[in-house]
Amino acid sequence: MADIETGLKGQVSRREVLKKGLVGAAGLTVLPTVLAACSSAASTPSATPTAAPTPTPGAATPTPAAGTPTPVALTGALHVGSNHSDPSEKKGMDAIDAAFQAATGLAVTLNTVDHNTFQDQINNYLNTTPDDVFTWFSGFRMRFFASKSLGTAIDDVWAGVKSNYTAGFTTAVTGDDGKVYGIPVDYYPWCVFYRKSVFSDKGYTVPSTWTDFIALCNKMKTDGLTPIAFADKDGWPAMGTFDILNLRINGYDFHVGLMTGKQKWTDPKVTAVFTQWKQLIPFYTAGFAGLTWQQACDTLVQKKSGMFLLGLFLTGEFDTADPSGAAKKDLDFFPFPFLGNQYDAEKSLDAPIDIWMMSAKSQNLQADLANAKAYLKFWAAGSTQVLMYKANNGFIPTASDADTTQYDVLTQKAVQIVSAAQKITQFLDRDTRPDFAGANGMQSFLLNFLSNPGQDLTKFQQSIQDFWDKLPAYTG
Amino acid sequence: MSAVAIPGQRVKANRRRLRLSRVGLHLFLSVLAFVFAWPMLYGVYLSLRPFSDIITNPAGPFSLPSTLTLDNYAYVIANSDMLRFFWNTAVITIPAVLLTLWISSMVAFAISKYSWKFNLIVLLIFTAGNLLPPQVIVIPLVKLYNAIPLFAPLSANGRLFDQFAGVILIHTTFQTGFCTFVLSNYMKTLPNELVEAAMIDGAGVFTIYSKVILPLCKPALAALAVLEFTWIYNDFFWALFLFVTGDKRPITAALNNLQGQYVTNMPQLAAISMLAAIPTIVIYLVLQRYFVRGLTLGAAKG
Amino acid sequence: MSKIDTEGLAPAPEVLSGAGLALPDKRHHHYSLLTARDKVLLTLMVGVPLFVFLVLIWGTTLVSVALSFTDWNGVDPIRWVGLDNYTYLLNGYPFFWEAVKNNLWYLLVFIGFATPMGILLAVLLDREIRGSWLYQSIFFTPVVLSLAVVGLIWQLQLSPSAGNGFIDSMLTGTGLVAPANAPDWFGNAGPLFGIGILPSQNMASVLLVASWRHIGYIMVLYLAGLKSVDPSLREAAAIDGANERQTFFHVVFPVMAPINVVIVVVTVIESLRAFDLVYIINHGKNGLELLSTLITNNALSEAQLIGFGSAIAVILLLVALVPIVAYLTRVMRTEE
């Protein structure tokens, strides 16, 4: 774990990040290595030195040792907790569970809770009566719960499926204690989405610099479009904008340091982020604080807005809002514009990895253990992950043996963008402490800034830092 | 107070002024009634419109419908598990109401018909507890529920947490505070001679409770049943924090999830809201008399 | 309202019964006359529910108080931190004062607007007017709705036009207001009319919606009280030449003292308990902070700041104890 880490990040030693007692860096830099496998068709050279020597199984040749379904009949029960509540994702879960039953004869008991509630309740859930296995996120957010003994280490499962992943993934699912706690099943980049037809009709070109970006926003405004679709009723979407601005302005290392408490929120570098952000707010959707991202996405479907910075999962809303598929065919995206500084070369972005974990406190776990492991192993197969991908194109498979010929144009492009990135982050609420990122923590602070961007930033940043300082010590 | 109450006095002189003020009164009340009824009326209207009407119209929902249909209802019932959530509501609400009435009537009987040292203190403990904001106790309660073992079939996971039994228990406990208060006041109005006569006939405490007092409390019990049904049905808070299994949630807490899923399709969201509102509105309209009596019997309810 | 309060403190036997149930009969049956079996039975009848109630309600309350002096994440050993949580709450946490302000405005709007409005409607509908039953039914319907449903149906009205909310779609669709200027009813966290001491604009929307539900509640309570006022009092006042307003304020209102107290208690408690509405709208952030949602967001969400959340719970408890104790004092006087 440590060697990959060092290899990936070079100059930042993990120990430095650890000083505050909060393990943050590990797992942030993962995806470049992933791409060695995923983008074999795209022939993008891997972004990191460690990726090259990694054995990468060919996309079309699944390794039997890896994630292929075990043809062993299972008995008993298995309780599965899922946050896949959107209709398309539900279909994906049903397809996967049906395939699992076909392979093993075991019908799983599925507990679906909507995405936002699932996150809100994760503590209660894991501390009380969790299912045997559950959907979760890699990064600090996984390690936090692993360190609280709320997840069960699955090194034996990982040993069996490891060969189906590029090396960087091991870091993504390794806890502070060096044990593996998750199986990565999908990822998606955060980019700026737009409609090709709108750009060609109005003669817009994709902006690559900040100046171009602002000029385009102004032009869209005069053309009667909402330049940037934005929605933050749920509190977390704004974090994506903070992440990318901080990465562009201050670079990956500062961002990671800030997320893990090594850097201070009172730093003038953070002020620069908020100052830059102020330029974008006039271009946002009216009433964004009262809208969910799905509602903002619909303005893009209806061509009422020009651009939208969001994760690739937004394609799911395109499927819902325009079942004909025409709007989605017209969808394209570009990486967030560059600011012309030394960090441009990092080409960094948020590309969170979703994982499956095994709980620790499930009352059924002892009885269901073998089934739970079989299920996790099943999810490590490309063939399983592609079932979810087919139901919702926002989830790019992580397994090396995933059949990339199934990918649509958007996904192929997404794979390329991620592979071109030198530095990858997970997302603010996955890279920092959950008790810092919550509804009346960072979500509220960002909303507070957005509703009153003209406020005294020094005071504002101090209040964020005070909140951080108040949090109980993290004993990882 | 009005002219009707004072017949024969200055009637003629006042009649015109009075008629005018009556018109004004009705105008005021009608406008206000419309404002009050509008959100529900609009909810019904929107739920009957096809979504395509709204997205194709430049003014969105501020438009006339191309057609009115029940399709949205059919769709959400088929796709949202609403029937399961209604069933969960019934599984929680009905036992909770019955238990509340049974337990509180016993406590009320004991403290209103027999004098003990602690009558008043017991009443105060119940009443004050009933007025506490539930958020004050929810953190320890979650921990406590997870620590209390419970056997099958009352619990599927061996705990009180995430179980119907746990939610029924907290409703029963909280509402017992209120119902005890109301019923003890009601029972105090029943003549004590009834109890004395029964005692002389050799009736035991339980017989007096079940055969003498309880039948006389029927009006109060009926009123409380209607009221408690509505309150427990409408609970959002306990169901939200005492369940983690999505499929166990009652309809109100499930709305929190459904909102996220249907937020972009306002007509379907309206259909969901209307369905969730129907049971209490029907109960209210059919049993209005009991409902209002229940409220006024114990106006102390917070 | 202060006048009512003082009058409300005068002994009034029927205070608890609202609709004017008769006096409690003092001639209780003496416990000592009962058989041993009956004594056991009676003890169980009261003892078991009382025990459960004490544990689940008052026991947990005490635990909340204890936890407020800790810094606990729900898993690791509990660490005592003294008054740290309170110090940070009062001096550092910006959303605490926002929540206090919002709870205060909740109370002010209920006491100053919704409750008087409910009383006014009750007085108007107490006359023999045509359609009184229909008016009453319409005004009362919101009261039987779950606040979660109330939150949803009002979002159908007050979402931004991009979210197909009715009001904004009407304002922008008719060209009355430019889309960029349309009000963001539930989203705009800026202070109302730009005046800092006023609630945020979205809190003001929430207060209107909450009032929509509270008015009918108060109306029904008050109406029942009015029905129980002895008609001869009014007749006497009318004969003395008092007009309607004088009759109400000088005759009816004072004899309604018991119900007035109940209504004040109901209003205060309701405004402290407020939770569901803001939670369903946006979980209580961005201008909609309340003490109740701060508790659950900090202690029962992905964040498990149990000590910190408990400290907020204790503050809510202390505030709630004021009306509770005042009310119980009255109950005790009445009983004795």
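Residues numbered from 1 in each chain as written. Chains lettered and ligands numbered in written order. Predicted model: local features only at pLDDT ≥ 70, side-chain atom pairs only at ≥ 80, totals over all residues. Heavy atoms only, no water.

On a plain count of helices and strands, chain B comes out with 14 helices and 1 strand. The C-alpha atoms of chain B give a radius of gyration of 25 Å, which is well past the 19 Å a tight globule of 302 residues would have. A principal-axis box enclosing the C-alpha atoms of chain B has dimensions of 80 × 75 × 35 Å. For chain B, with 302 residues in total, the buried portion stands at 60%. Taking the intrachain contacts of chain B between residues at least 6 apart in sequence as the baseline, contacts between residues at least 24 apart amount to 71%. Carbon together with sulfur atoms contributes 70% to the accessible area of chain B, which is approximately 11500 Å² in total. For chain B, the distance from the average site of its 21 positive side-chain charges to the average site of its 10 negative ones is 16 Å. (Helix = DSSP H or I, 4+ residues; strand = E, 2+ residues; numbered from the N terminus. Rg over C-alpha atoms; globule rule 2.2 N^0.38 Å. Buried < 20%, exposed > 50% of the residue type's maximum accessible area, 1.4 Å probe, protein only. Contact = heavy atoms within 4.5 Å. Areas by Shrake-Rupley, 256 points an atom, 1.4 Å probe, with all protein chains shown as cover. Lys, Arg positive; Asp, Glu negative; His and termini not counted. Charge placed at Lys NZ, Arg CZ, Asp CG, Glu CD.)

With 7 of 10 residues buried, helix 6 (residues 138–147) of chain B is to be regarded as a mostly interior element. Of the positions making up helix 6 of chain B, those classed as buried are Val138(B), Ile139(B), Pro140(B), Leu141(B), Val142(B), Tyr145(B) and Asn146(B).

Before going further, it helps to examine the domain arrangement of chain B. Residue and element names in this part refer to chain B. Per the domain assignment, the segments making up chain B are domain 1 (3–73) and domain 2 (81–297). Here the C-alpha centre of domain 2 lies 35 Å away from the C-alpha centre of domain 1. Of all residues in domain 1, the largest losses of buried area upon contact with domain 2 belong to Met40, Phe51 and Tyr73, amounting jointly to 53% of the total for that side. Viewed at the interface, domain 2 and domain 1 are joined by 0 salt bridges. Counting across the interface, domain 1 meets domain 2 through 0 residue pairs in polar contact (both at pLDDT 80 or more). Sorting the residues of the side of domain 1 that touches domain 2 by element identifies helix 1 (11–47), helix 2 (51–56) and helix 3 (71–79) as the ones contributing at least two each. It is helix 1 that provides the largest number of residues to the side of domain 1 that touches domain 2, a total of 5 residues. Looking at side-chain class alone, the side of domain 1 that touches domain 2 contains 6 nonpolar, 3 polar and 1 charged residues. (Domains from an automatic or database assignment. Buried area = accessible area lost by both parts, 1.4 Å probe. Salt bridge = Lys/Arg side-chain N within 4 Å of Asp/Glu carboxyl O. Polar contact = N/O pair within 3.5 Å; in protein donor to acceptor, adjacent residues only side chain to side chain. Nonpolar A, V, L, I, M, F, W, Y, C, P; charged D, E, K, R; others polar.)

Let us now look at the packing of aromatic side chains. Taken as a whole and assessed by the stated rule, the structure comprises 80 aromatic pairs over all chains. Judged by centre distance (5.5 Å) and plane angle (40°), the rings of Trp38(B) and Tyr42(B) are tilted. In this pair, Trp38(B) and Tyr42(B) both sit in helix 1, 4 residues apart, roughly one turn of the helix. Above the face of the Phe338(A) ring, Arg248(A) is positioned so that its terminal group lies 4.1 Å from the ring centre. Lying over the aromatic face of Trp72(C), Lys143(B) brings its terminal NZ or CZ to 5.5 Å of the ring centre. (Phe/Tyr/Trp six-rings, centres within 6.5 Å; stacked < 30°, edge-to-face > 60°. Lys NZ or Arg CZ within 6 Å of the ring centre and 35° of its normal.)

This part covers the pattern of salt bridges. Per the counting criterion, the structure on display carries 19 salt bridges over all chains. For the salt bridge of Glu302(C) with Arg141(A), the shortest nitrogen-to-oxygen distance reads 2.6 Å. With Glu302(C) in the loop between helix 13 (291–299) and helix 14 (306–335) and Arg141(A) in helix 7 (residues 140–147), the pair connects residues from two separate chains. Given the relative accessible area of 8%, Glu302(C) is considered buried. Looking at Arg141(A), the relative accessible area reads 2%, which means it is buried. We note a salt bridge from Asp354(A) to Arg430(A), for which the minimum N-O separation is 3.0 Å. Within this pair, whereas Asp354(A) is found in strand 10 (residues 353–358), its partner Arg430(A) is found in helix 20 (residues 428–431), the two being separated by 76 residues in sequence. Owing to a relative accessible area of 9%, Asp354(A) belongs among the buried residues under this scheme. Each of Arg141(A), Asp429(A) and Glu302(C) takes part in one network of salt bridges that share partners.

In this assembly, 23 residues from chain A lie in contact with 23 residues from chain B. Interface area, chain A with chain B, both sides summed: about 1800 Å², of which 43% is carbon and sulfur. At the junction of chain A with chain B, the criterion picks out 0 salt bridges. Counting every contact that joins chain A to chain B gives 7 residue pairs in polar contact (both at pLDDT 80 or more).

Residue and element names in this part refer to chain A. Across the sheet, which stays open at both edges, the 6 strands sit in the order 2-1-3-10-4-11 with mixed pairing between neighbours. Of all strands in the sheet, those with a lone pairing partner are strand 2 (109–112) and strand 11 (396–397), marking the two edges. Along the sheet face, helix 17 (residues 365–379) touches strand 1 (79–82), strand 3 (133–137), strand 4 (182–187) and strand 10 and points at about 155° away from the line of strand 10. (Pairing = 2+ DSSP bridges. Axes fitted to C-alpha atoms, helices over the stretch in contact; angles between N-to-C directions.)

Taken residue by residue, the interface counts 114 residues in chain B and 119 residues in chain C. When chain B packs against chain C, the two sides together hide about 10600 Å² of surface, and 76% of this comes from carbon and sulfur. For the pair chain B and chain C, the number of links is 16 residue pairs in polar contact (both at pLDDT 80 or more). It is helix 1 of chain B that provides the largest number of residues to the side of chain B that touches chain C, a total of 17 residues. Of the residues assigned to the side of chain B that touches chain C, the class counts are 78 nonpolar, 29 polar and 7 charged.

Another aspect to go through is a nonpolar patch on the surface. A grouping of Leu27(B), Val31(B), Phe34(B), Val35(B) and Leu41(B) is seen on the molecular surface, where their side chains present a nonpolar patch of about 490 Å² in accessible area. Along the polypeptide, Phe34(B) turns up in helix 1. (Patch = residues over 30% accessible without salt bridge, like charges linked within 9 Å, V, L, I, M, F, W, Y side chains within 5 Å.)

Residues and elements named next belong to chain A. On the secondary structure map, Ser138 appears in the loop between strand 3 and helix 7. Considered as a pair, Ser138 and Asp354 are 216 residues apart in the sequence and their alpha carbons are 6.0 Å apart. Not counting residues within four places of it along the chain, the set of residues in contact with Ser138 comprises Ala172, Ile353, Ile355, Gln426 and Arg430. A polar contact is formed between the side chain of Ser138 and the side chain of Gln426, at a distance of 2.9 Å.

The subject of this paragraph is the nonpolar core. In this structure, Phe242(A) and Trp277(A) are the most contacted members of the largest nonpolar core, which totals 341 residues. In contact with Trp277(A), not counting residues within four places along its chain, are Phe230(A), Ala238(A), Thr241(A), Phe242(A), Leu245(A), Tyr284(A), Leu446(A), Phe449(A) and Leu450(A). Tyr42(B), Leu46(B), Phe51(B) and Phe166(C) belong to the second largest nonpolar core, which has 8 residues in total. (Core = buried A, V, L, I, M, F, W, Y, C linked by side-chain atoms within 4.5 Å.)

Here we take up the packing of helix 12 (residues 237–259) of chain A against helix 13 (residues 268–278) of chain A. Residue and element names in this part refer to chain A. The N-to-C vectors of helix 12 and helix 13 enclose an angle of 155°; their axes lie 10 Å apart at closest approach. One element, helix 12, and the other, helix 13, form an angle in the roughly antiparallel class. As for the relative orientation of helix 12 and helix 13, their crossing is right-handed in sense. Where helix 12 approaches helix 13, its residues Ala238, Thr241, Phe242, Leu245, Asn246, Ile249, Asn250, Phe254 and Leu258 are matched on the opposing element by Lys269, Val270, Ala272, Val273, Phe274, Gln276 and Trp277. Looking at side-chain class alone, the contact of helix 12 with helix 13 contains 11 nonpolar, 4 polar and 1 charged residues. (Parallel < 35°, antiparallel > 145°, perpendicular 65-115°, else oblique. Left-handed = near helix turned anticlockwise from the far one by under 90°.)

Our focus in this paragraph is the sheet that holds strand 7 (residues 305–311) of chain A. Residue and element names in this part refer to chain A. Taken in spatial order, the 4 strands line up as 6-7-5-8 in an open sheet, and their pairing is mixed. Whereas interior strands pair on both sides, the edge strands pair on one side only; in this sheet they are strand 6 (226–229) and strand 8 (331–334). Across the sheet, the axes of successive neighbouring strands diverge by a mean angle of 25°, strand direction being ignored.

We now examine the packing of helix 13 (residues 266–286) of chain B against helix 6 (residues 147–158) of chain C. Contact geometry of helix 13 of chain B with helix 6 of chain C gives a least axis separation of 10 Å together with a crossing angle of 150°. By the angle between their axes, helix 13 of chain B is roughly antiparallel relative to helix 6 of chain C. Remark: the crossing between helix 13 of chain B and helix 6 of chain C carries left-handed chirality. Contacts between helix 13 of chain B and helix 6 of chain C pair Met266(B), Ala270(B), Ser273(B), Met274(B), Ala276(B) and Ala277(B) from the former with Val149(C), Leu152(C), Ile153(C), Gln155(C) and Leu156(C) from the latter. The class makeup of the residues in the contact of helix 13 of chain B with helix 6 of chain C is 9 nonpolar, 2 polar and no charged.

Within the fold, Arg213(C) resides in helix 8 (residues 201–227). Glu270(C) provides the closest opposite charge to the buried, salt-bridge-free Arg213(C), at an N-O distance of 4.5 Å. Not counting residues within four places of it along the chain, the set of residues in contact with Arg213(C) comprises Asn234(B), Pro142(C), Val143(C), Leu145(C), Leu147(C) and Val150(C).

For helix 18 (residues 382–391) of chain A, the full list of buried residues reads Gly382(A), Thr384(A), Gln385(A), Val386(A), Met388(A) and Tyr389(A). Tucked into the core, helix 18 of chain A has its buried residues touching helix 4 (87–104), strand 4, helix 17, strand 11 and helix 19 (409–420) of chain A.

The subject of this paragraph is the pairing of strand 5 (residues 190–195) of chain A. Residue and element names in this part refer to chain A. Burial analysis of strand 5 places 6 of its 6 residues in the buried class, the great majority of the element. Of the pairings in the sheet, the one linking strand 5 to strand 7 comprises 5 bridges and is antiparallel in character. Of the residues in strand 7, the one forming a bridge with Cys191 is Leu310. Examined bridge by bridge, strand 5 and strand 8 share 4 bridges and lie antiparallel to one another. From the neighbouring strand, Val192 faces strand 8, where its bridge partner is Phe334.

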